[in-house]
Amino acid sequence: MILKMFRRTSFLTNKVLNEWDNRIQCFFIDLSGTVHVDKELIPGAINAFEKLKKTQTKFKFVTNTSKEAVSTTVQNLDSLGLQLSKQEVYSSLTATRDYLVRNNLRPHLLVADEALEEFESLDTNDPNTVVVGLAPMKFNYKELNECFRILMKPENKIVAINKGRYYKTRDGMSLGAGPFVFNLEFATSKEATIVGKPSKEFFINAMKSIGHEDPSTCVMIGDDVNDDVMGAIEAGMHGCLVKTGKYRPGDEDKLFSVGGDPEPYPAKERCLVANTLEDAINLLLP
Amino acid sequence: MSWLEKPVKALLLDISGVLRDGDQAIVGSLEAFQRLQEIGIPFRLVTNETQVTVQKTVEKLSKLGFTSISPSLIFAPAPAVATFLKETLSRAFLLVHPNVLPEFDGIETSDPNCVVVGDAAEHFNYSRLNEAFRVLLRLREENKEMQLYSLGKGKYYKEEDGLCLDLGPFTAALEYATGADARIFGKPNPVFFHAAVQDMKMSPDEVVMIGDDILGDVGGAQRAGLRGVLVRTGKFRISDENHATVKPDGIVDNLLQAVNLIMSHYN
């Protein structure tokens, strides 16, 4: 069974690569699980990075975090041995900022204090949009009521960085931003626009930030088959699943059908599987 | 005014938005209330108020001039759910306002197997919501039913300084986080309306509910077989007159107009 899948995977890899040849012009690379796991770089990550720079390929590292500013992410990576510039990292916060600017929106920011830095220089007077990020310190009645009152003006909107239900913390599972976005959606009968990873808005904004308009010229490399690969494919990009970080054997089956002749599956032609980021880069940048 | 065509034998009145707005009596409501007591039409006060006990509600109304209201005339969610918790021997995590805790005297709170959400207002903070969430998550992981009881599910209400989030959005947040389905005690649950109607020994079609909440008061009453009349006071908004799903049996400016219409129609 495993051998059958392996054979099919490499057959598809060659088939897919041929189809992709010359099409991929820019690379989006996930950070957590793809470049590093906690405080350790994944072997080959620096090589991959250097190859991207040497070949002058367009790229951005992407991350879902909405609790820390990009400058903090860059600092943390620097301490692991990977020197990136702020411009080389695109986070859900960056995408949110781009979305607000592109749509001329004046935000009321319900985001963590550490994230506020990303929104400096935006006009926040007389807000017409409430932006909700992961901000446990601000998920209380007083703050939510203020957001609610702003949203009761018919033309005002909700922008959610993401709608995660809960996440793992040191002392157990904790409520994510999603329930609080839903709190405001329920109170106001409005629907939030989600702009962080892995929403379509996120990938489109990331692509535009690099000067591209055609998602099929982009590839997203990541360890999360749902949030990295499927998310990108749904935005019209190509995807490459790497077998590090969050990856679990069998994840690729979510992209390929199993058993017998592979059925046409939307993701199949647009996805590769590679062992690590370095392998992915070598496959795609021979 | 189709709601007057059938006899109006008894009334259910909402409190907040019909009798009072925050700490003030609504214009005309005191007069309306006195008239009701004069003509002797039976009524019950049906409220989703859960920031304070029924006793306190009676006191607050009395201070505003709505006197001689016996606590037995008031139907509120907290006593209703407390009775239910006792009958089912439930152990509850109480995400409620501290001032309403006396209604839960005698309820076991250790090792909770259910969550009760009331209008905790400024006591809705991340830490308490997270605790409630973890109770539900633990039940789910133990393959037990996630019992989530909500004392109403109103979206917002009106205070003097503007609109305020009600408990509904917080119940909704817990439902979203866990996939639980809250059971509602209070408006708009038909059981709640029926309890008040039966207490007056009436049948639903003999009773009119007057309220400012198009969904909770009017919609809820109609689904319970009563007539629902909307007042243009309290949290009323113009858009409520053209609501997508609820068509009130009548719309009046305020309680006084409603009472005057009842009196002139039946004289």
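Quick caveat, the model's predicted, so the values are computed rather than measured.

Asker: Tell me about the sheet that holds strand 11 (residues 183-184) of chain B, and please be specific about residues and values.
Answerer: Each strand in a sheet pairs with its neighbour through backbone hydrogen bonds, running either in the same direction (parallel) or in the opposite one (antiparallel). All names here are of chain B. A sheet is described by the order of its strands in space; here 4 strands give the open sequence 6-7-8-11, paired in parallel fashion. Two strands in the sheet have a free side with no partner beyond their single neighbour: strand 6 (92-95) and strand 11. Looking at chain direction, strand 7 (residues 114-117) and strand 8 (residues 148-150) are connected through 3 bridges and run parallel. Across the sheet, residue valine 116 finds its bridge partner in strand 8, namely tyrosine 149. Most of the contacts of helix 4 (residues 126-141) go to strand 6, to which it runs at about 150°, and overall it touches strand 6, strand 7 and strand 8.

Asker: I'd like a rundown of the interface of chain B and chain A, residues and numbers included.
Answerer: Listed by partner, the interface residues are 28 residues for chain B and 27 residues for chain A. When the two sides are added together, the surface that chain B and chain A hide from each other amounts to roughly 2,600 Å², 62% of it contributed by carbon and sulfur. Area buried by chain B at its contact with chain A is led by Tyr126(B), Leu165(B) and Tyr176(B), which between them contribute 33% of it. Our enumeration of links across chain B and chain A arrives at 2 salt bridges. Its salt-bridge partner being Arg134(B), residue Asp171(A) comes within 3.3 Å of it at the nearest N-O pair. Each residue belonging to the side of chain B that touches chain A can be placed in one class, and the counts come to 17 nonpolar, 4 polar and 7 charged.

Asker: Any chance you could break down the domain arrangement of chain B for me, citing the residues and the numbers?
Answerer: The accessible area lost on association of the parts is a frequent measure of interface size. Residues and elements named next belong to chain B. The domain architecture assigned to chain B consists of domain 1 (2-48 + 187-266) and domain 2 (77-184). Once you take the C-alpha centre of each, domain 1 and domain 2 turn out to be 27 Å apart. Listed per partner, the contact involves 13 residues of domain 1 and 12 residues of domain 2. Together, the buried faces of domain 1 and domain 2 total about 1,100 Å²; carbon and sulfur atoms form 53% of this surface. It is Asp21, Asn48 and Lys235 that lose the most area in domain 1 upon contact with domain 2, and together they represent 39% of the buried surface on that side. Counting the contacts that link domain 1 with domain 2 gives 1 salt bridge. The interface formed by domain 1 and domain 2 holds 4 residue pairs in polar contact (both at pLDDT 80 or more) in total. Split into classes, the residues belonging to the side of domain 1 that touches domain 2 amount to 3 nonpolar, 5 polar and 5 charged.

Asker: If you had to explain the environment of Asp123(A) to someone new, which residues and values would you point to?
Answerer: Residues and elements named next belong to chain A. Along the chain, aspartate 123 falls in the loop between strand 6 (107-110) and strand 7 (129-132). On the basis of relative accessible area, aspartate 123 is assigned to the partly exposed category, the value being 42%. C-alpha separation for the pair aspartate 123 and phenylalanine 186, spaced 63 residues apart in sequence, amounts to 27 Å. Among all residues touching aspartate 123, those that are not within four sequence positions of it are Arg106 and Pro107.

Asker: Requested: an account of the nonpolar core, with residues and values cited.
Answerer: Ranked by size, the top nonpolar core spans 66 residues in total, and within it Phe139(A), Leu184(A), Leu85(B), Phe104(B), Val116(B) and Phe124(B) carry the most contacts. With 8 residues, helix 4 of chain B is the largest single contributor of residues to this core. With residues near it in sequence (within four places) discarded, Phe124(B) still touches Asn140(A), Tyr141(A), Leu95(B), Val117(B), Gly118(B), Asp119(B), Leu129(B), Leu167(B) and Phe170(B). Membership of the second largest hydrophobic core comes to 32 residues, among which are Val8(B), Val58(B), Phe66(B) and Ile69(B).

Asker: Tell me about the sheet that holds strand 5 (residues 89-91) of chain A, and please be specific about residues and values.
Answerer: All names here are of chain A. The strand order across the open sheet built from 6 strands is 5-4-1-12-13-14, with neighbouring strands paired in parallel fashion. At either end of the open sheet lies a strand with only one pairing partner, and these are strand 5 and strand 14 (271-274). Ignoring strand direction, the axes of neighbouring strands in this sheet form an average angle of 25°. Pairing between strand 1 (residues 26-30) and strand 4 (residues 58-63): 5 bridges, direction parallel. Opposite cysteine 26, over in strand 4, you have lysine 58 as the bridge partner. The sheet strands contacting helix 7 (residues 200-209) are strand 1, strand 4, strand 5 and strand 12 (218-222), and the helix crosses strand 5 at an angle near 150°. Contacts between helix 8 (residues 225-234) and the sheet are confined to strand 1, strand 12, strand 13 (238-242) and strand 14, with strand 13 contributing the most and set at about 160° to the helix.

Conventions used here
Residues numbered from 1 in each chain as written. Chains lettered and ligands numbered in written order. Predicted model: local features only at pLDDT ≥ 70, side-chain atom pairs only at ≥ 80, totals over all residues. Heavy atoms only, no water. Pairing = 2+ DSSP bridges. Helix = DSSP H or I, 4+ residues; strand = E, 2+ residues; numbered from the N terminus. Contact = heavy atoms within 4.5 Å. Axes fitted to C-alpha atoms, helices over the stretch in contact; angles between N-to-C directions. Buried area = accessible area lost by both parts, 1.4 Å probe. Salt bridge = Lys/Arg side-chain N within 4 Å of Asp/Glu carboxyl O. Nonpolar A, V, L, I, M, F, W, Y, C, P; charged D, E, K, R; others polar. Domains from an automatic or database assignment. Polar contact = N/O pair within 3.5 Å; in protein donor to acceptor, adjacent residues only side chain to side chain. Buried < 20%, exposed > 50% of the residue type's maximum accessible area, 1.4 Å probe, protein only. Core = buried A, V, L, I, M, F, W, Y, C linked by side-chain atoms within 4.5 Å.

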